[in-house]
Amino acid sequence: MPPPDPSRPSSLGTQSPSEDSPVTATANGITVAGVPTTQVPAPPPHEPETAEAAPVVAIEPGHAPGPEPVREAVFKIEKLSVSYGSAMAVRDVDLEIGRHEITALIGPSGCGKSTFIRCLNRMNDLIDNARVTGAVRYHGVDLYGRDVSPVEVRRRIGMVFQKPTPFPKSIFDNVAYGPRIGGTHRGLDDIVEQALRRAALWDEVKDRLKKSALGLSGGQQQRLCIARAIAVQPDVLLMDEPCSALDPIATARIEDLMQELKERFTIVIVTHNMQQAARASDRTAFFTTEVSETSDNRTGVLVESDVTERIFSNPSDERTENYITGRFG
């Protein structure tokens, strides 16, 4: 592995689990228990930008945005393919995901969006017949390298799922769960408060932290899950259709929250809501399915990825235009 770069997260630890290692729940999803990990510092704190923000330019059909600024890539994915047994689910995906950006993954059902996003924190490792090939580089480190711990990967790269999944514990204990299993037992009050504030939930729950999280509304539960994920100071937040089960008001709050969180985290979101992708994301990647000529097997492929405004106003591929204009999907 390359030598540590002080401007980027350090080593992702070592991996030595057996195939039958027990599975346990953590603040960032499911992890394999008993894997020794190297303690690493949290990602560097966000530093406010000193340069003036570029003015927002209205984009007319047929007019592409100007040159993009230089982007720092958090992920570089090359020729990524995923199969379940003999069925190929996703094939040959090449994609870069930039730091402090919201990247939306859109496409029809069954095109491999969720399969792809789960590759970014090795959640597919937990599926017995899943096989991943290609490269997923995180700050230059191959996440599927032999010396990389999946537990540490999932600490750095948190995940929020489609359905809110609060633990049957108090609100406080839900948020404190990740730091506690990571060995932090001091300053939990401050950690919990900070996470709840960042998730825009503190004012609503500060007087009932010891009450069950199951008593919260659906939108509050989803923001609690976001607070639980960011309490361990990840670098990236993956969101797999986080608003699909929420009403429009709760959805708007999550979208507003994403804009605040991207100042500190890189966000990748799967969504079936194209309006949400257009509103909330900086870049959009469009996936679709290809049907085998010799069978009915369907495989997900990445059609194109670009600045969100360009994807929705002047896509480069006809399949993208057909999808976003409702001709299929």
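A few points on the structure. This structure is a prediction, so every number in the text was calculated from the model and none was measured.

## Overview of the pattern of salt bridges
Phase 1 of the analysis: Counted according to the given criterion, the structure contains 17 salt bridges.
Phase 2 of the analysis: Where Arg 122 meets Asp 125, a salt bridge forms, and the shortest distance between an N and an O atom there is 2.7 Å.
Phase 3 of the analysis: Residue Arg 122 is classed as buried on the basis of its relative accessible area, which comes to 5%.
Phase 4 of the analysis: Among the ionic contacts, a cluster of salt bridges with common partners joins Arg 91, Glu 290, Asp 317 and Arg 319.

## Concerning the side chain of Thr 284
Phase 1 of the analysis: One can find Thr 284 in strand β11 (residues 283-291).
Phase 2 of the analysis: Owing to a relative accessible area of 0%, Thr 284 belongs among the buried residues under this scheme.
Phase 3 of the analysis: Within the structure, Thr 284 has its side chain in polar contact with the side chain of Ser 281 (distance 3.2 Å).
Phase 4 of the analysis: In this structure Thr 284 touches Ala 104, Ile 106, Ala 277, Glu 304, Ser 305, Asp 306, Thr 308, Ile 311 and Phe 312, once residues within four positions along its chain are discounted.

## Comments concerning helix α4 (residues 188-198)
Phase 1 of the analysis: Within α4, the full set of buried residues consists of Leu 188, Val 192, Ala 195, Leu 196 and Arg 198. Taken end-on, α4 shows its buried residues confined to a sector of 165°, consistent with a single buried face. Of the exposed residues in α4, those oriented more than 90 degrees away from the buried face are Asp 189 and Asp 190.
Phase 2 of the analysis: Tucked into the core, α4 has its buried residues touching α3 (171-181), α5 (202-205), α6 (218-230) and α7 (248-261).
Phase 3 of the analysis: Backbone geometry just after α4 places Ala 200 at a positive phi near 55°.

Thresholds, definitions, all that
- Residues numbered from 1 in each chain as written.
- Predicted model: local features only at pLDDT ≥ 70, side-chain atom pairs only at ≥ 80, totals over all residues.
- Heavy atoms only, no water.
- Salt bridge = Lys/Arg side-chain N within 4 Å of Asp/Glu carboxyl O.
- Buried < 20%, exposed > 50% of the residue type's maximum accessible area, 1.4 Å probe, protein only.
- Helix = DSSP H or I, 4+ residues; strand = E, 2+ residues; numbered from the N terminus.
- Polar contact = N/O pair within 3.5 Å; in protein donor to acceptor, adjacent residues only side chain to side chain.
- Contact = heavy atoms within 4.5 Å.
- Arc of directions from axis to C-beta.

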